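As a plain string of letters, each chain reads:
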Amino acid sequence: MSLPVPPRVEIAQDIFLDGRLALFHRRENWLALADLHFGFELSQRAAGRLVPFWGMKSAMERLSHLLADYKPERLIIVGDLVHDQAATEVLRALLSRVAAQCEVIAIAGNHDRKLRSCIPLVDSFSTPEFEFHHGNCHRDTAGRISIVGHFHPAAMLRDGAGLHLKFPAFVQEAHCWILPAFSSWAAGTVWETGEEARIWVCTPHRILSLEPRESAA
């Protein structure tokens, strides 16, 4: 039985949003994701909460399939690689496996403060068009479009009969793009459409576009 093809949509020339919560630039051959929060389960278990390991399993499977499908030259992780230091060793093992397939750029997020002594982190990464940083503090983008994480955007879909479901979302503004959280544990914050923001809702089978809200006359 063949597996369903993951949804993806071209959100700018040569740039694709994949429903597995990642962004791929075909011409520059990079894959970007944010807010991995790897090992959330480990920190919860250390606190006495016996949560299942399905979030780590989901992250590893999706990342493995994304790397196999796109074969990027570079993986850019836009901050919050871990939830806390409880996941340091499992993250290091994961990054080592990924580094055998492509270059890894790991950008520090606000959850990553204790990783610097054991994992190479940078505060930002630039390409000619984009400035990648976590988004928890101001950066000089030199006119580039910022690609950030940190905010865990989500969108609510309703059927008019009372049913409502929340899904991760990608927010596309003129000068800032906000990646959905890659972690399955990050429920996300419902993002309101603005005059310049387009919201791409990432459901398991489709990516839906919510158009920018028009300003009042």
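Refer to the structure printed above.
None of these values were measured; they are calculated from a predicted model. (Residues numbered from 1 in each chain as written. Predicted model: local features only at pLDDT ≥ 70, side-chain atom pairs only at ≥ 80, totals over all residues. Heavy atoms only, no water.)

A. Just the overall build of the chain, in detail. Looking only at helices and strands, the chain features three helices and 15 strands. Against the 2.2 N^0.38 benchmark of 17 Å for 217 residues, the chain shows a C-alpha radius of gyration of 17 Å, consistent with a compact globule. The principal-axis extent of the C-alpha atoms belonging to the chain is close to 55 × 45 × 40 Å. Within the chain, the proportion of its 217 residues that are buried is 48%. Summed over its atoms, the accessible surface of the chain is roughly 11,200 Å², and 54% of this surface lies on carbon and sulfur atoms. Averaging the coordinates of the 22 positive side-chain charges in the chain and doing the same for the 25 negative ones gives two points 6 Å apart. (Helix = DSSP H or I, 4+ residues; strand = E, 2+ residues; numbered from the N terminus. Rg over C-alpha atoms; globule rule 2.2 N^0.38 Å. Buried < 20%, exposed > 50% of the residue type's maximum accessible area, 1.4 Å probe, protein only. Areas by Shrake-Rupley, 256 points an atom, 1.4 Å probe, with all protein chains shown as cover. Lys, Arg positive; Asp, Glu negative; His and termini not counted. Charge placed at Lys NZ, Arg CZ, Asp CG, Glu CD.)

B. Here's a closer look at the pairing of strand β11 (residues 164-172). The pairing of strand β10 (residues 153-158) with β11 spans five bridges and is classified as antiparallel. When the bridges of β11 are listed, alanine 155 appears paired with phenylalanine 167. Hairpin geometry of β10 and β11 is characterised by an intervening segment of five residues between the two adjacent antiparallel strands and by a positive phi of about 85° at glycine 160. Between the end of β11 and the start of strand β12 (residues 176-178), which pair antiparallel, lie three residues. (Pairing = 2+ DSSP bridges.)

C. Just the side chain of histidine 152, in detail. As for its position among the elements, histidine 152 is in the loop between β9 (145-148) and β10. For histidine 152, a relative accessible area of 18% corresponds to the buried category. Within polar-contact distance, the side chain of histidine 152 engages the side chain of aspartate 35 at 3.3 Å. With sequence-adjacent residues up to four places away left out, histidine 152 is seen in contact with Asp35, His37, Ala181, Ala186, Gly188 and Thr189. (Polar contact = N/O pair within 3.5 Å; in protein donor to acceptor, adjacent residues only side chain to side chain. Contact = heavy atoms within 4.5 Å.)

D. View of the sheet that holds strand β5 (residues 74-78). If you trace the six strands from one edge of the open sheet to the other, you get β1-β2-β3-β4-β5-β6, paired in mixed fashion. Each of the sheet's edge strands pairs with one partner strand only, and the pair in question is β1 (8-12) and β6 (103-107). Each strand axis lies, on average, 20° off the axis of its neighbour in the sheet, ignoring direction. With four bridges joining them, β1 and strand β2 (residues 15-18) adopt antiparallel strand pairing. (Axes fitted to C-alpha atoms, helices over the stretch in contact; angles between N-to-C directions.)

E. Main features of helix α3 (residues 88-99). If you check α3, its first and last C-alpha atoms are 16 Å apart, about what 12 residues at 1.5 Å a residue would give, namely 16 Å. Every buried residue belonging to α3 is among Thr88, Leu91, Leu94, Leu95 and Val98, and all of these are buried. Viewed end-on, α3 has its buried residues packed into an arc of 125°, placing them on one side of the element. Opposite its buried face, α3 presents the exposed residues Glu89 and Ser96, each directed more than 90 degrees away. (Expected span 1.5 Å × (residues − 1). Arc of directions from axis to C-beta.)

F. Representation of the pattern of salt bridges within the structure. Scanning all chains against the criterion turns up 10 salt bridges. With its nearest N and O atoms 3.0 Å apart, the salt bridge here joins glutamate 103 to arginine 74. Placement of the pair is glutamate 103 in strand β6 and arginine 74 in strand β5, with a sequence separation of 29 residues. (Salt bridge = Lys/Arg side-chain N within 4 Å of Asp/Glu carboxyl O.)

G. Highlighting unusual backbone geometry. Positive phi outside glycine occurs at aspartate 14, with the angle close to 70°. Within the element layout of this structure, aspartate 14 appears in the loop between β1 and β2.

H. Up close: helix α2 (residues 54-70). The end-to-end C-alpha separation of α2 is 24 Å, in line with the 24 Å expected for 17 residues at 1.5 Å each. Within α2 the residues assigned to the buried category are Gly55, Met56, Ser58, Ala59, Arg62, Leu63, Leu66, Leu67 and Tyr70. Take α2 and look down its axis: the buried residues cluster within an arc of 160°, on one side only. Taken from the residues just after α2, lysine 71 is the one with a positive phi, measuring 50°.

I. Spotlight on the nonpolar core. Leu23, Ile76, Leu91 and Phe132 are the most contacted members of the largest nonpolar core, which totals 50 residues. The dominant element in this core, judged by the number of residues it contributes, is α2, at six residues. In this structure, leucine 91 is in contact with Leu36, Phe38, Leu81, Val82, Leu115 and Ile119, ignoring residues within four places of it in sequence. Formed by nine residues, the second largest nonpolar core is a distinct cluster that contains Phe167, Ile178, Ala197 and Val201. (Core = buried A, V, L, I, M, F, W, Y, C linked by side-chain atoms within 4.5 Å.)

Purely geometric numbers; function is a separate question.
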